[in-house]
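Examination of the molecular architecture
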Amino acid sequence: MIASGWGARLRKVFLVALGAALLGGCASSYPPAPVQAADAEYNYVIGPGDTVNIVVWRNPELSMSVPVRPDGKITTPLVEDLPAIGKDATTLARDIEQALAKYIREPVVTVIVTSFVGPYSEQIRVVGEAARPQILPYVQKMTLLDVMIAVGGMTEFADGNRASILRAGEGGSTQYSVRIRDLIKRGDVSANVEMQPGDVLIIPQSWF
């Protein structure tokens, strides 16, 4: 009888806990993500894995395409181990001109980024129940819908309306709720929001 009583109590506790988990999983406790989030003044900065085309005016032997190494630096003729990560193309061109000025008179350099990856701090990460979880380079005005197309949508086990965006800011990280299921299954464009550099999109598994 005692064992039977404890068994009934344990079953009751289990059912209450399960019910609370299921109810808690039905809705996100995070505030909705802002519809407009991208910075209008965004400038692309170079990251490891990018390819840059360096053109030195009147010096074709110094002009070439080079990859940005994993340590964020580039090497070109007469210029060794020059940091490129975190710089825009114009800033990198001025730095190369300064380095080349030791060897040629008044160098004029143009830098064109031809392969885009970007620094890790600005990449978009998609984790959880995406069809193809991956890291994406950030593009200005990129939206949640753009991201979901890139990752091939959700798995059949995803709870898209409990998804969230983890966004870093000056005061730390903030988490926002997004309604992916409404967006891609129901065509609700009001659920589409802009992404910001460095966002992490988290798609949880459905509870049932």
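Residues numbered from 1 in each chain as written. Predicted model: local features only at pLDDT ≥ 70, side-chain atom pairs only at ≥ 80, totals over all residues. Heavy atoms only, no water.

1. Describing the sheet that holds strand 5 (residues 109-115)
- Spatial ordering of the open sheet is given by 2-1-5, a layout of three strands whose pairing is antiparallel. Because the sheet does not close on itself, it has two edges, and the strands there are strand 2 (64-67) and strand 5. On average, adjacent strands in this sheet sit at an angle of 25° to one another, irrespective of strand direction.
- In terms of strand pairing, strand 1 (residues 51-56) meets strand 5 through six bridges, oriented antiparallel. (Pairing = 2+ DSSP bridges. Helix = DSSP H or I, 4+ residues; strand = E, 2+ residues; numbered from the N terminus. Axes fitted to C-alpha atoms, helices over the stretch in contact; angles between N-to-C directions.)

2. Overview of unusual backbone geometry
- Backbone geometry at Arg58 places phi at a positive 65°, although glycine is not the residue there.
- With respect to the helices and strands, Arg58 occurs in the loop between strand 1 and strand 2.
- Assessed through its relative accessible area of 68%, Arg58 is described here as exposed.
- A positive phi is found at Lys141, a non-glycine position, where the angle reads about 70°. (Buried < 20%, exposed > 50% of the residue type's maximum accessible area, 1.4 Å probe, protein only.)

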